[in-house]
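These are the residues of each chain, in order.
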Amino acid sequence: MDKHNKAHGQKHHNHEHAAHQNNEPKHEHHHPHEKVEDEGRHNLHDDSGHENHDHHGHHEEHDHGDMVNDFKKRFFISLIITIPILILSPMIQSLVGVNWDFTGDKYILFAFATFVFFYGGWPFITGAISELKDKNPGMMTLIGLAILVAYGYSSLTVFGWEGKDFFWELATLIDIMLLGHWIEMRSVMGASNALEELIKLMPNEAHKLEENGEVEDVPVSELKNNDKVLVKPGEKIPVDGTITDGKSAVDESMLTGESVPVEKYQGDEVIGGSVNNEGSITIQVEKTGEDSYLSQVINLVKEAQESKSKTQDLTNRAAKWLFYLALGSGIVTLVVWLMLGYSFDVALERMVTVMVITCPHALGLAAPLVVAVSTSISAKQGLLIRNRANFEGARNLNAVVFDKTGTLTKGEFGVTDIVAEEGYSEDDVLTWAASIEQNSEHPIASGILSAAKEKDLKLKKVNDFQSITGKGIEGNIDGKKINAVSPGYVKNNNLEYDVDKFNHMSEEGKTVIFVLMDDRLIGMIALADMVRDTAKEAINSLRNNDIHSIMLTGDNSKVAHWVAKQLDIDEVYAEVLPDDKADKVKEIKDRGWRVAMTGDGVNDAPALATADLGIAIGAGTDVAMETADVVLVKSNPYDVVSLIDLSRKTYRKMVQNLWWATGYNIFAIPLAAGVLAPLGIVLSPAVGAVLMSLSTVIVAINAKLLKP
């Protein structure tokens, strides 16, 4: 959400160059910069139709929520019915060493098992039918085959067929699959809920201003474009819009992560959900409904959930082959045992055991569970994953290309140099400058004031403060006339100053303010768009991971190299035209590298699409969002490192889970088929079921162990 920062930072430079060329003052009280500071904001965040969106979001949530509750209900009811099935099962009784036979016990067992098969197994049976209709057998077909074979064979044994029943395996198998699906869906739901928490932060009502000037409280959903809304001090802003009357400081930290309240004036954009700190403001509603910021966020979450990962596709393919393997190995087992002279009953039992065991519940849960946990973690960390396949590829990145303004820099002024004239210290210059600036709301003023605050300097009282076009600002402090003025003013008045130092600071893209006392120069203060602290950490961490950091910016070369030097970035491409950004990314890819591009602007969109992984800084309706694979909600460059780290951990967990699942099959199928029968070792259905359940539980626990 740093689009405003980008506009903000860019304008600093444009403004500064204009000031040098036109000798215009840079420091008027109402500078055009203040209006431009938030340029493009309405493109990013529009939530006027919040209620509409709210319903949309909750509709999705309810659909998903109903399914979660359905699996939960089926799981618990099936689990309760499984208890008498276990008690009545002859196999369990013999394992425990008891005999509770009574007349008709088999039929009661059959009735309970039939209920679990149809009630608990129904989602898998219907899933299998739709997969077979599509001629694409997969996970559901595999589960369907296993429970159908187990139920069919066991039912035959109740009505006279020679053999042992599989009812308790059938019931526990269905329980485990229902539990797995419930866990998986609940995890995905958790990721969605983490973002839907934003919705709760939005007010439901707004103070609508009627044409006659009366105020009426209406639901946010009833607001339309161009309606006027009054926001009182301390209230949340209900919609995105433009201030038409009043001024205030607005706390946007919830949405942008920007901790300092932003000064807003008439004509500035405000975002729904941010908090109005001071004055009363009137805003005009901009957009409604699906265009709103929160609608966009919810759509992103939906995309993230629907976006299949490569590893998930791999498991679905594996399930398809295992289905054929289950059928094939079952038939081969039956034929071989019959050829060896065993009775049909024995051969059939071997075949059923093989078919039930081949159903890899663990494999079915291996990837989805990890994806669910990973999606949940990423949402909580403020990483919105739109394309899972590309996210999983992030573990192989060789280079990360960063846009500069608003990504590596904060997009806000900070003091970088103070040059004091003879007889004055740097602290003197800063104290006088900050004292005069305390009455100005300009971004440059806040940069100077925060520098004075950091040094604990005591500010002096100002009298007769005024902002004079062409002169900057002026005031009376301790009986002395103090001015803070632009280079243009100094040149026009032929004041002497250190031209070399000024030029050096200017060339680095810094904005220079001159401080005068009684029309004599006492010092210069240089300010620049400050580098984010998290950017330094991010570049260092990437270097430690053998990932190359590259800066790509449209800004002038000297500014870019000054920022790069602070961040210790080796490779810099400056003054790159928007259209050429994608070509630069292509050039870097041509080295055989896997490249991520991090940017926040419309002009970054082609480059984001060209990169192996496109990362958009900030969330909104911008074109960059549409072309990015991942969105960093908090606009924190260090999240790029977190993203790569999570990608690696997610992949590692998936591979571990796939090995747990398939490793079990590699071991169990030959044993169930009777490969070691000549040695007297035959895998009994009971042991097979226990192994199968164990591998499923291990996979589920292992997925849950994924930590950020």
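This one's a predicted model, so the numbers in the text were calculated from it and none came from an experiment.

## Comments concerning the overall build of the protein
Argument step 1. Counting its regular elements, the protein contains 27 helices and 22 strands.
Argument step 2. Counting across all 708 residues of the protein, residues that qualify as buried make up 56%.
Argument step 3. For the protein, the computed accessible surface area is about 29200 Å², with 55% contributed by carbon and sulfur atoms.

## Details of the UniProt feature "transmembrane region" (unreviewed entry) in the protein
Argument step 1. What UniProt calls "transmembrane region" (unreviewed entry) maps, in this numbering, to residues 75-95, 107-125, 137-154, 166-183, 321-340, 352-379, 658-681 and 687-706.
Argument step 2. Along residues 107-125 one finds 95% helix and 0% strand; the C-alpha atoms at either end are 23 Å apart.
Argument step 3. What you have in residues 137-154 is 89% helix and 0% strand, and the ends, taken at the C-alpha atoms, are 24 Å apart.

## Brief notes about the sheet that holds strand S19 (residues 571-573)
Argument step 1. On the basis of which strands lie adjacent, the open sheet formed by seven strands has the order S10-S22-S21-S20-S11-S18-S19 and mixed pairing. This sheet does not close on itself; its edge strands, each paired only once, are strand S10 (383-385) and S19. Across the sheet, the mean angle from the axis of one strand to that of its neighbour is 20°, orientation sign disregarded.
Argument step 2. Bridge count for strand S11 (residues 399-403) against strand S18 (residues 548-552) is five bridges, and the pairing is parallel. Following the sheet pairing, Ala 399 is matched in S18 by His 548.

## Structural notes on the side chain of Thr 114
Argument step 1. Structurally, the position occupied by Thr 114 is in helix H6 (residues 105-120).
Argument step 2. With a relative accessible area of 19%, Thr 114 lands in the buried category.
Argument step 3. Polar contacts involving the side chain of Thr 114 include one to the main-chain carbonyl oxygen of Phe 110, which spans 2.6 Å.

## Focus: the pattern of salt bridges
Argument step 1. For the coordinates displayed, the defined rule picks out twelve salt bridges.
Argument step 2. Among the salt bridges present, the one from Asp 478 reaches Lys 460, with a minimum N-O distance of 3.8 Å. Highlighted residues: Asp 478 in the loop between strand S14 (472-477) and strand S15 (480-485) and Lys 460 in the loop between helix H18 (443-454) and strand S13 (463-468), separated in sequence by 18 residues.
Argument step 3. On the accessibility criterion, Asp 478 (52% relative accessible area) is exposed.
Argument step 4. Residue class for Lys 460 comes out partly exposed when judged on its relative accessible area of 26%.
Argument step 5. The partner of Asp 568 in a salt bridge is Arg 543, and the shortest N-O contact between them spans 3.7 Å. In this pair, Asp 568 sits in the loop between helix H22 (557-567) and S19 while Arg 543 sits in helix H21 (residues 533-544), placing the two residues 25 residues apart along the sequence.
Argument step 6. For Asp 568, a relative accessible area of 44% corresponds to the partly exposed category.

## Some details on the pairing of S14
Argument step 1. In terms of residue burial, S14 counts as a mostly covered element, since five of its six residues are buried.
Argument step 2. Sheet topology places S13 next to S14; four bridges connect them, and they run antiparallel. Paired with Ile 468 across the bridge in S14 is Gly 472.
Argument step 3. Two elements, S14 and S15, share five bridges in a ladder whose sense is antiparallel. Of the residues in S15, the one forming a bridge with Ile 477 is Lys 480.
Argument step 4. Once S14 ends, the chain turns through two residues before running back antiparallel as S15, passing Asp 478 with a positive phi of about 50°.

## With respect to a nonpolar patch on the surface
Argument step 1. Judged by side-chain polarity, Val 332, Val 336, Leu 340, Tyr 342 and Val 346 come together as a nonpolar surface patch covering roughly 430 Å² of accessible area.
Argument step 2. Here Val 336 falls in the partly exposed class, since its relative accessible area comes to 37%.

## Points about the sheet that holds strand S3 (residues 228-231)
Argument step 1. Taken in spatial order, the six strands of this open sheet run S2-S1-S3-S9-S4-S7, and their pairing is antiparallel. The open sheet terminates on both sides in strands that have one partner only, identified here as strand S2 (215-219) and strand S7 (269-270).
Argument step 2. Bridging between strand S1 (residues 205-209) and S3 involves three bridges; their strand directions are antiparallel. Counted as the bridge partner of Leu 209 is Lys 228 from S3.

## Some details on unusual backbone geometry
Argument step 1. The phi angle at Asp 518 is positive, at roughly 50°, despite the residue not being glycine.
Argument step 2. On the secondary structure map, Asp 518 appears in the loop between strand S16 (511-517) and strand S17 (520-531).
Argument step 3. Even without glycine at this site, Asp 519 takes up a positive phi of about 65°.
Argument step 4. With respect to the helices, strands and loops of the structure, Asp 519 is situated in the loop between S16 and S17.
Argument step 5. Relative accessible area serves as the criterion here: at 39%, Asp 519 is assigned to the partly exposed category.

## Here's the deal with helix H13 (residues 344-358)
Argument step 1. Helix length check: H13 (15 residues) gives 21 Å between terminal C-alpha atoms against 21 Å at 1.5 Å per residue, within 8%.
Argument step 2. In terms of residue burial, H13 counts as a mostly covered element, since twelve of its 15 residues are buried.
Argument step 3. Looking at H13, one finds that the buried residues are Ala 347, Leu 348, Glu 349, Arg 350, Met 351, Val 352, Thr 353, Val 354, Met 355, Val 356, Ile 357 and Thr 358.

## Looking at the environment of Asp 70
Argument step 1. Following the sequence through the fold, Asp 70 ends up in helix H4 (residues 50-88).
Argument step 2. Look at Asp 70 and you get partly exposed, because its relative accessible area is 32%.
Argument step 3. Considering only alpha carbons, one finds Asp 70 and Trp 182, 112 residues apart in sequence, at a separation of 8.6 Å.

## So, the environment of Ala 318
Argument step 1. Residue position: Ala 318 is located in helix H12 (residues 310-339).
Argument step 2. Each C-alpha atom, one on Ala 318 and one on Leu 363, is 8.4 Å from the other, the two residues being 45 residues apart in sequence.

## Examining the packing of aromatic side chains
Aromatic ring pairs are described here by two measures, namely the spacing of the ring centres and the angle between the planes.
Argument step 1. A full pass over the atoms with the stated rule returns 18 aromatic pairs.
Argument step 2. Aromatic side chains Phe 110 and Phe 159 sit 5.3 Å apart centroid to centroid with 85° between the ring planes, which places their arrangement in the edge-to-face category. One end of the pair, Phe 110, is in helix H6; the other, Phe 159, is in the loop between helix H8 (139-158) and helix H9 (167-200), and 49 residues separate them in sequence.
Argument step 3. Phe 159 gets classed as exposed once you look at its relative accessible area, which sits at 53%.
Argument step 4. For the pair Tyr 151 and Phe 167, a centre-to-centre distance of 6.5 Å together with 55° between the ring planes defines the contact as tilted.

## Thoughts on a negative patch on the surface
Argument step 1. A contiguous patch of negative charge on the surface is contributed by Glu 205, Glu 214, Glu 216, Asp 217 and Glu 222.
Argument step 2. The topology assignment puts Glu 222 in the loop between S2 and S3.
Argument step 3. By relative accessible area, which is 46% here, Glu 222 ends up partly exposed.

## Looking at the side chain of Thr 282
Argument step 1. Of note, Thr 282 is situated in strand S9 (residues 281-285).
Argument step 2. When residues no more than four places from it in sequence are discounted, the contact partners of Thr 282 are Leu 209, Lys 228, Val 229, Leu 230, Thr 242, Ile 243, Thr 244 and Asp 245.

What counts and what doesn't
- Here the residue numbers are simple positions, counted from 1 along each chain's written sequence.
- Local features are withheld for residues below a pLDDT of 70 in this predicted model, meaning they are given only at 70 or higher, and side-chain atom pairs are given and counted only at 80 or more; totals for whole chains, interfaces and linings count all residues.
- Hydrogens and water molecules were not included; the side-chain quantities draw on all heavy atoms of the structure.
- Strands are runs of DSSP state E lasting at least 2 residues, helices are runs of H or I lasting at least 4, and numbering of each runs from the N terminus.
- For the exposure calls, accessible area comes from a 1.4 Å probe over protein chains only, and a residue counts as buried if that area is under 20% of its type's maximum, exposed if over 50%, partly exposed in between.
- Computed with the Shrake-Rupley method and a 1.4 Å probe, the accessible areas treat only the protein chains shown as cover for residues.
- UniProt positions are given in the numbering used here, feature names are shortened, and annotations may be inferred rather than shown by experiment.
- If DSSP finds at least two bridges between two strands, the strands pair.
- Here an axis means a line fitted to C-alpha atoms, over the contact stretch when the element is a helix, while the angle between two N-to-C directions is reported on a 0 to 180 degree scale.
- Polar contact is defined as a pair of N or O atoms within 3.5 Å, subject to the rule that within protein one atom must be able to donate a hydrogen and the other to accept it, and that residues adjacent in sequence are counted only when both atoms are side-chain atoms.
- One speaks of a salt bridge when a side-chain nitrogen belonging to Lys or Arg is within 4 Å of a carboxyl oxygen belonging to Asp or Glu.
- By definition, no residue in a patch forms a salt bridge, and every one has over 30% relative accessible area; like charges are joined within 9 Å, nonpolar side chains (Val, Leu, Ile, Met, Phe, Trp, Tyr) within 5 Å.
- Working rule for helices: expected span equals 1.5 Å times residues minus one.
- Note on aromatic pairs: the rings of Phe, Tyr and Trp (six-membered ring only in Trp) are paired at centre separations within 6.5 Å, and the planes decide the class, stacked below 30 degrees, edge-to-face beyond 60, tilted for the rest.
- Counted charges follow a simple rule, with Lys and Arg positive, Asp and Glu negative, and His plus the chain ends left uncounted.
- Charge positions are represented by NZ for Lys, CZ for Arg, CG for Asp and CD for Glu.
- Residue contacts are counted whenever heavy atoms from the two residues lie within 4.5 Å of one another.

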